[in-house]
Amino acid sequence: MSVDHQSPSDFLYSRQGPWPQPCPEHPFGESAGVIHVPVSEALDWWLRVGSRYVTTLLYTPVAYLRGILKPGLAEVSNDEFVSMLTNSMLSKFVKNVFDNKDREIFGSKLDKENIWICDFEPVRVVKTFKGIYASASKVLLLKKGDIFSVIEIYIDETKSIFYPHDEDNWELAKYFVLQGGALCSTLVIHPLLHFPMDSVNAITKTALPKNHILFQLLYPHLRFTLYLEKAVLTFKTSLLMSKWWMPYAPYPGPYIGLRDLLVEGYEGIGTNFSYPPFAYQFEPEFIVGKYGEFHQAYYPVFKKFVTEVLVDLTGTEVFYLSKWADYASAWVPGFPKGPELIRDRELLISTVAYFLFDVSVGHTVDHYNFGKMDIRKIPMRIRHAPPKAGHKIKLDRSKLTKFWDFGKYEMARRLFFQETTKTRLIETEYDFGKRNHILQKFVTEFKNNLRKTDEKLKKDNAQFTPVDDIAASIQF
Ligand SMILES: [Fe+2]
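Just so it is clear, the structure is predicted and the values come from calculations on it, not from any experiment. Position numbers for residues count from 1 along each chain, tracking the sequence in the order it is written. The model is predicted, so local features are restricted to residues of pLDDT at least 70 and side-chain atom pairs to those at 80 or more, both for listing and for counting; the totals for chains, interfaces and linings are taken over all residues.

Caption draft 1: Broad picture of the overall build of the protein chain. A tally of helices and strands in the protein chain yields 15 helices and five strands. Its C-alpha atoms give the protein chain a radius of gyration of 23 Å, near enough to 23 Å, the size a compact globule of 476 residues would have. With the C-alpha coordinates of the protein chain rotated into their principal frame, the extents come out at 75 × 50 × 40 Å. Going through the 476 residues of the protein chain one by one, you find that 45% of them count as buried. Counting from the N terminus, the helices are DSSP H or I runs at least four residues long and the strands are E runs at least two residues long. In this treatment the radius of gyration is a C-alpha quantity, and the globule benchmark scales as 2.2 Å times the residue count to the 0.38 power. Residues with at least 20 neighbouring C-beta atoms inside 10 Å of their own are called buried, those with 12 or fewer are called exposed, and the rest are partly exposed, where every C-beta is derived from the backbone.

Below is the structure:
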């Protein structure tokens, strides 16, 4: 294999670019972080993304006023509760595997057919502020055909099980489950789409020459991400710091417990089958219902595109591809090593296709979906102790949150949770250099296929985000 000599000027940052390292705030139990981000990327982020945060903050008084005018939480019917769990981002938590703890709690009920579980055990690590409560919880669901119904809820703080006939205790238990959904969505599983990919992002920019076909394919999907992640993970103003004075920090407790939620996601919970440790994926995970259908529909479009682009690699490209994988596999669990990747074309295609899918479709749809949920129905903070079996309560929904709980949550929704696309996947431009004349037709075909997938999903009632709103990179 002949390898051409490359000089520093052949690389984006002259071989001095960003690189992964243990995250300074939390070096153990979390993904590697990329902390030294080039100034040009910081400026780009501040101009296009950070500046929007500053202007959005002007909405703060309105958000708080809305909290005053309409206090507390809104009613969630049982049907809506099931729909929220099984036809949204939360459907990622719906599983049909049961571990020992599930068996201790629910016993032989788990042996019946078509029983599914929705498990929010990671909430156990959350510490709450005075007057605010949270609890780990589990929900048993029954699936008949495509239709789910709810059977019972387990609330861990009080070791109690509730059924739909349990009146106000049941109503309160549902809010604790939904709170678990909000916490585990935003701080346990969604971060796995973000942070492990930062290592791949940095290594691509630093270790692949600019004329490498893989660099040219990935580069448009790497913009804004590194500085965004640095801000979330290390800034004193990050919502993770959860300070009282932050008008956008909606969480129920302080930094310490919240940060542990990220660890629950990355390291997994050894005894809980719903939370395996993070490993790089090569296709989207199985997700029940329409949310899963959305993911499965888009992935083959990426695979086809990558298959068409990554052909006829030169000896130099194969050499750098192998180095790229070796570097990434040192920082990302499950990422293939160089020799494996260059030997197995299918593996190469899935590795690259999944990366592109993750940072665009997979990432955007979570934000789009979560950002549209009614925050009066999926609370982050609950100002009532969890229900206890045998202790009847009278529930006053207007007292379940304070107005500033709503204000902070609404601001976080506007700033961070909802999708705010700057560069669109469907408008991505690729510069394939000397291969442009061959490969641009595949770019056109890729975009046509994205559109067709969008139309098909719309007809199937599974268009969880319109294709025009899907971002090209992780940028929110
Ligand atoms: Fe995100």
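Moving on from the coordinates now.
Caption draft 2: Broad picture of the pairing of strand β4 (residues 147-155). Two strands pair when backbone bridges link them, and strand β3 (residues 137-144) and β4 are joined in this way by eight bridges, in the antiparallel orientation. When the sheet's bridge partners are listed, K144 is paired in β4 with I147. What sits between β3 and β4 in their antiparallel hairpin is a turn of two residues, with G145 showing a positive phi close to 60°. Two strands pair if DSSP finds at least two bridges between them.

Caption draft 3: Summary view of the environment of L140. The residue L140 is located in strand β3 in this model. A sequence separation of 151 residues divides L140 from Y291, and the C-alpha atoms of the two residues are 19 Å apart. A residue pair is marked as a contact if its C-beta atoms, positioned from the backbone, fall within 7 Å. Excluding its chain neighbours within four sequence positions, the residues that come into contact with L140 are F106, K109, I115, I117, I151 and E152.

Caption draft 4: Quick look at the pairing of strand β2 (residues 115-119). Most of β2 is tucked away, with four of its five residues classed as buried. As defined by bridge partners, strand β1 (residues 94-95) adjoins β2 across two bridges and the pair is classed as antiparallel. Across the sheet, K95 pairs through a bridge with I117, a residue of β2. Relative to β3, β2 runs antiparallel, the two being bridged by five bridges.

Caption draft 5: A look at unusual backbone geometry. Phi at S14 is positive, roughly 50°, even though this residue is not glycine. Residue position: S14 is located in the segment before α1 (39-56). Even without being a glycine, D312 presents a positive backbone phi close to 55°.

Caption draft 6: Just the environment of P8, in detail. Mapping P8 onto the fold places it in the segment before α1. Sequence-distant contacts of P8, defined by excluding residues within four places in its chain, comprise S14 and R15.

Caption draft 7: Representation of the packing of helix α10 (residues 289-309) against helix α13 (residues 345-371) within the structure. As a packed pair, α10 and α13 sit with axes 9 Å apart at the nearest point and diverge in direction by 140°. In this view, α10 runs oblique relative to α13, as classed from their interaxial angle. Relative to α13, α10 is oriented so that their crossing is right-handed. Contact residues: F294, H295, Y298, Y299, F302, K303, V306 and T307 in α10; I349, V352, A353, L356, F357, V361, G362 and V365 in α13. Only Asp, Glu, Lys and Arg are considered charged in this grouping, and only Ala, Val, Leu, Ile, Met, Phe, Trp, Tyr, Cys and Pro are considered nonpolar; every other residue, Gly among them, is considered polar. Tallied by class, residues from the contact of α10 with α13 come to twelve nonpolar, three polar and one charged. Lines fitted to the C-alpha atoms define the axes, with helices restricted to the stretch that makes contact. Angles between their N-to-C directions range from 0 to 180 degrees. Should an angle fall under 35 degrees it is taken as roughly parallel, and over 145 as roughly antiparallel, whereas 65 to 115 is taken as roughly perpendicular and any remaining angle as oblique. For any pair of crossing helices, the crossing counts as left-handed if the nearer helix is rotated counterclockwise from the farther one by less than a right angle, and right-handed if it is rotated clockwise.

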